[in-house]
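# Remarks on the overall topology
Below, each chain spelled out in residue letters.
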Amino acid sequence: MTALLEVKNIETYYDLVYAIRGASFAVEEGSITAILGNNGAGKSTILKTIMALIKDQPEKGVIEFDGVPIQNRDTDEIVRKGIAYVPEGREIFEELTVHEHLLMGAYLRKDTPGVKQDIEKVFAYFPVLKQRTHQWAGTLSGGEQQMLAIGRALMLRPRLMILDEPSLGLSPILVKEIFAIIREINLTGTTILLVEQNANMALSISGTGLILENGRFVMKGNSTDLLEDKDVKEFYLGIKSETSAKGYQRWKRKKAWR
Amino acid sequence: MIDFIQMIVSGIAVGSSYALMGLAMVIIYKTSEVPNFAQGEMALISSFFAMMLLTSFHLSVYLAFFFTLVFAVLLGCFLEFAILRRAKEPNVLGMIVITIGIEMILLGFVSWKFGAEQKTMPFPIGPYDSLIIRDIFISKLEVLTLVAALLLMIVLFLFFKFTKLGLAMKATQQNRVAAQIVGIRTNRILMITWGISSLVGAVAGLLISPTIMHPYMMWDPMLKGFAAAVMGGMTSLPGAVVAAYLLGIIENLFGGYVSIEFKTVVAFVIIVLVLCIRPSGLFARHYVKKV
Ligand SMILES: Nc1ncnc2c1ncn2[C@@H]1O[C@H](COP(=O)(O)OP(=O)(O)OP(=O)(O)O)[C@@H](O)[C@H]1O
Ligand SMILES: [Mg+2]
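What counts and how
Residues numbered from 1 in each chain as written. Chains lettered and ligands numbered in written order. Predicted model: local features only at pLDDT ≥ 70, side-chain atom pairs only at ≥ 80, totals over all residues. Heavy atoms only, no water. Contact = heavy atoms within 4.5 Å. Buried area = accessible area lost by both parts, 1.4 Å probe. Salt bridge = Lys/Arg side-chain N within 4 Å of Asp/Glu carboxyl O. Donors = N, O, S within 2.8 Å, 3.2 Å for Na, K, Ca; no water. Helix = DSSP H or I, 4+ residues; strand = E, 2+ residues; numbered from the N terminus. Buried < 20%, exposed > 50% of the residue type's maximum accessible area, 1.4 Å probe, protein only. pLDDT = per-residue confidence, 0-100. Near = heavy atom within 4 Å. Polar contact = N/O pair within 3.5 Å; in protein donor to acceptor, adjacent residues only side chain to side chain. Areas by Shrake-Rupley, 256 points an atom, 1.4 Å probe, with all protein chains shown as cover. Nonpolar A, V, L, I, M, F, W, Y, C, P; charged D, E, K, R; others polar.

## Comments concerning the interface of chain B and chain A
Across the boundary between the two partners, chain B contributes 22 residues, which contact 30 residues of chain A. When chain B packs against chain A, the two sides together hide about 2500 Å² of surface, and 59% of this comes from carbon and sulfur. On inspection of chain B and its partner chain A, the count reaches one salt bridge. Arg-185 of chain B is paired through a salt bridge with Asp-76 of chain A; the nearest N and O atoms lie 3.3 Å apart.

Below you can see the structure in the form of structure tokens.
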């Protein structure tokens, strides 16, 4: 397998805040890769660094897409290479309609018929958006805005799609739906890099899982292995092992994961 | 009655130039979030550029105006690219000071190059040519101003509504980061915005220049345009236009019926009132950001 995206030893600062402290990982072509970690671990920062959304960062390190270094470029150049990004907190255009969003998602494309087809494809994934075609995005519900952000990213026909907490603020049913759609998108040939708080969900659809703590990766592995790992269970899935009164180990849910 | 109609008609005409200046300021404000105090002087230098083409180079009016509009676009793009973009860690206050600096430089340049006295613009329509319709005098220049302003507004409307570039500009105005992640070069959009705004202002300047042509000719229209933009909420194109026409009409009625000396002050009384009562402007719309 070849790596579509390869991040080598990057370090990112926000002024004096040392946020990413030498992180390396690879995303295999065709895979779903998940990055997990606590609040403030630096997950979003890694994604923003890849998308060149933090000025003059990464300070050190190399980011290669398809074997070509892409760090320290402008964001639009990186998008042009076929990397679509669904940011944390949606970042929609309040006063553009759903339809206009999808057109903007295809801003770099010239093939009008293909764009039309893809708009229909997005509506097939998210039928509710079709009913809102001419409604301003600012008037959509939070969940609908999240679908719109994913739809907009799809319109690029990306080779790699990067999603930052797509499940944030969604109802449990919608979370399931969104993950099902992410898997479907992946099956049509798009490589996926995913950041999630919902560790259980993320590990169950991804092939590879990476765990970030304080700006460094502390664990990498097959998602199925991670799901069984004792530390992961304890710290990220909220399941604690303890010795019961009768003397054998049992697994107990410590707290509901948000 | 005829007086009244007459005043309304002139109010609409003068409102057109306020509307253009207001539009120019709103267009920049929406993308750069800075009120561009150099707007008037950008229009000023464009008008003098037109005069130079007409008097020194003896170009035909159409050609001269065409080149003037090209000049205006380039000027706007240049100012954004060469000056505003260079601002390190820009904040609104700093940007405002920069636009005031640009204003001073342009004003100084025009005064130095062309002198401060009143000039005449060799325009095909003079300020006193008029039409008489049912006892109402309408100056041809006023009609031209109104028509040109309306046409330009329609073109702008169509541009923002139906072209990809216009849509990309709106997108950039609404969310810079989101625009970048769909691949829009937001820097370039900013530059084009300044170009378009400069063009709109230059049209106002050209339409004013047959009546008044000296280095301070744009002060009044620019301040009134700004007033209209503020009344309209600073981010609404139709808001600025409606407010500009209201301002022109109210001002004229006030001058006719109350006091001619305080005519120009009316605009600012209205601004103060609006800012006290509805600080977000008369036409602003707000969406609550969803979490
Ligand atoms: N704009 C900023 N300026 C300064 N520090 C920042 C900035 N953005 C993030 N940080 C810091 O960088 C660290 C990593 O933040 P980041 O947003 O990447 O965390 P995260 O892993 O995405 O967390 P969450 O799960 O809460 O979204 C945090 O300590 C945060 O305080
Ligand atoms: Mg985050």
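Read on for the rest.
## As for the coordination of the magnesium ion (ligand 2)
Residue and element names in this part refer to chain A. Donor atoms from the polypeptide that coordinate the magnesium ion (ligand 2) comprise Ser-44 (OG) and Glu-88 (OE), at 1.9 to 2.4 Å from the metal. On the criterion of sequence distance, the pair formed by Ser-44 in helix α1 (residues 43-50) and Glu-88 in the loop between β6 (83-86) and α3 (98-105) is long-range, its members being 44 residues apart. Classification of Ser-44 by relative accessible area gives buried; the value is 12%.

## Topic: the confidence of the model for chain B
Residues and elements named next belong to chain B. Chain-level pLDDT for chain B is 85 on average; 96% of the residues reach the 70-or-more range. Segment residues 286-291: pLDDT under 50, and 15 contacts once partners within four positions in sequence are set aside and those in other chains are kept. Interface scoring of the predicted complex returns ipTM 0.82; its pTM is 0.82.

## Describing the site of ligand 1
Residue and element names in this part refer to chain A. Taken together, 13 residues are adjacent to ligand 1, and Lys-43, Ser-44, Thr-45, Glu-88 and Gln-197 come closest. In the model, an oxygen atom of ligand 1 is placed 2.6 Å from a nitrogen or oxygen of the Ser-44 side chain. Gln-197 is positioned such that a nitrogen or oxygen atom in its side chain is 2.6 Å from an oxygen atom of ligand 1. Protein burial of ligand 1: of its 630 Å² of free accessible surface, 62% is covered by the chains. With three residues, α1 is the largest single contributor of residues to the shell around ligand 1. Here the residues of the shell around ligand 1 sort into three nonpolar, seven polar and three charged.

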